[in-house]
Amino acid sequence: MEKQTIIRELMAKGIMVTPDILEMALRDGIDRVVSSRHDVVMSSVRTTERTTNVLEPIKCSSLLSEFKKEYTIEDAVKSNYIRYESLRRMLLRKADAVSIKNITNAKSRITVVGMVKEKKDFGFVLEDSTGEATVKSDASVETDDVIGVNGWVRNGVFTADDVFYPDIPMDRVIGTIEGMLLLKNTGSNPDVNADVTVTPDSFITGKKESMTCTPNIITMERDGKKVMLAVYKTDDPVNKNDAIKWLRRRYMPSNGRFFGRGYVLDPVPDILWISSKNDYWFDNYKGTTMVSFGYGRSALVDMKTRGIKQL
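Residues numbered from 1 in each chain as written. Predicted model: local features only at pLDDT ≥ 70, side-chain atom pairs only at ≥ 80, totals over all residues. Heavy atoms only, no water.

## Concerning the overall build of the chain
- When you go through the chain residue by residue, the secondary structure sums to six helices and 17 strands.
- Out of the 311 residues in the chain, the part that is buried amounts to 50%.
- Of the contacts formed within the chain by residues at least 6 apart in sequence, a portion of 61% connects residues at least 24 apart. (Helix = DSSP H or I, 4+ residues; strand = E, 2+ residues; numbered from the N terminus. Buried < 20%, exposed > 50% of the residue type's maximum accessible area, 1.4 Å probe, protein only. Contact = heavy atoms within 4.5 Å.)

Okay, structure coming up:
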């Protein structure tokens, strides 16, 4: 079986494909990897097994450092336009699409990319910069979703065969680095050894603390490799299905804050941390490790194996 096929099958099962996992699959078969599921069910992390090689310090940077205190209508319009264009480009990498103004006389199966303007009993209204179209579909979509639609035009009605989202690519390179990441949602300091500590509004490397904000994407780099961490804070509970919906749609809710690309998940995060009012949970979606817990809790993440220890 080819490597790309193995990677797709494992990621479809929610298994992060590291070089070691891929080697096991090539040697022992996919079923052997699935039965072990080290990267999904691991509930503890390596605390003593560390490489003897001298590692360079982890470098951190964030997409955003602070929000503007005031926003205008122009800011909101610009932010929504940037979000739409970012997601539209992702979808156009998946399929060739025509503009809505050109679908009326289509004689063959076509693809259209646009934003859901409103939902209807029979489907929804889709719009792009050239116009809008009524789409007959039983797909579950939400207003403002940016989606691709495959289908046929019959008697002036666009009937959808398939609706697809930007989603996470199955063949992407999953980021791993040597190091421990502490996700801290508490005022106290857990007695753990971490290379990087991240709170909803800061990250700490060594003795240096840098202020940030959420939603945000933090990049951690070491020895030419990197891990992307998406951080999101909300006062509402968030479950696994909510988080998967964000990853499929490739953006996080803005919470009324307009800040351009900040809430578009591009590039794909390797880890998604959601600080919210719910019980602790973690899972894996197409190679992205998802973890969520409320105030007063922390979690230690091995950025190489993605093992997680609840603190």
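## Some details on the sheet that holds strand β5 (residues 146-154)
- Taken in spatial order, the five strands line up as β2-β3-β4-β6-β5 and close into a barrel, and their pairing is mixed. Neighbouring strand axes in the sheet, compared pairwise and without regard to direction, differ in orientation by 55° on average.
- By the bridge criterion, five bridges tie strand β2 (residues 110-120) to strand β3 (residues 123-128) in an arrangement that is antiparallel. When the bridges of β3 are listed, lysine 119 appears paired with phenylalanine 124. (Pairing = 2+ DSSP bridges. Axes fitted to C-alpha atoms, helices over the stretch in contact; angles between N-to-C directions.)

## Remarks on the environment of leucine 300
- Inspection of the secondary structure assignment puts leucine 300 in strand β16 (residues 297-302).
- The class of leucine 300 is buried, set by a relative accessible area of 5%.
- Sequence separation of leucine 300 and leucine 311 is eleven residues, and the distance between their C-alpha atoms is 7.2 Å.

## Topic: the environment of aspartate 144
- Relative to the assigned elements, aspartate 144 resides in the loop between β4 (131-136) and β5.
- With relative accessibility at 37%, the residue aspartate 144 sits in the partly exposed group.
- Each C-alpha atom, one on aspartate 144 and one on asparagine 80, is 9.6 Å from the other, the two residues being 64 residues apart in sequence.
- Apart from the residues lying within four places of it in its own chain, the contact partners of aspartate 144 are Arg83, Met115, Val116 and Tyr251.

## Structural notes on the sheet that holds strand β17 (residues 308-310)
- Pairing is mixed in the open sheet, where six strands are placed in the order β10-β9-β8-β7-β16-β17. Of all the strands in the sheet, the pair left with one neighbour each is β10 (208-211) and β17. Within this sheet the neighbouring strands show an average axis-to-axis angle of 20°, counted without direction.
- In this structure, strand β8 (residues 196-199) lies alongside strand β9 (residues 202-205), joined through four bridges in antiparallel fashion. If you follow valine 196 over to β9, its bridge partner there is threonine 205.

## Some thoughts on the packing of aromatic side chains
- With the rule as written, the count across this model stands at five aromatic pairs.
- Members of the aromatic cluster, joined through ring pairs, are Trp273, Tyr280, Phe282 and Phe293.
- A cation sits over an aromatic face here: arginine 83 above tyrosine 251, 4.6 Å from the ring centre. (Phe/Tyr/Trp six-rings, centres within 6.5 Å; stacked < 30°, edge-to-face > 60°. Lys NZ or Arg CZ within 6 Å of the ring centre and 35° of its normal.)

## A closer look at the pattern of salt bridges
- In this structure the tally under the stated criterion is 13 salt bridges.
- The shortest N-O distance in the salt bridge between glutamate 118 and lysine 120 comes to 3.5 Å.
- For glutamate 118, a relative accessible area of 33% translates into the label partly exposed.
- The shortest N-O distance in the salt bridge between aspartate 270 and arginine 306 comes to 4.0 Å. Of the two residues, aspartate 270 sits in the loop between α6 (240-249) and β13 (271-275) while arginine 306 sits in the loop between β16 and β17, which places them 36 residues apart along the sequence. Each member of the pair, aspartate 270 together with arginine 306, is buried. (Salt bridge = Lys/Arg side-chain N within 4 Å of Asp/Glu carboxyl O.)

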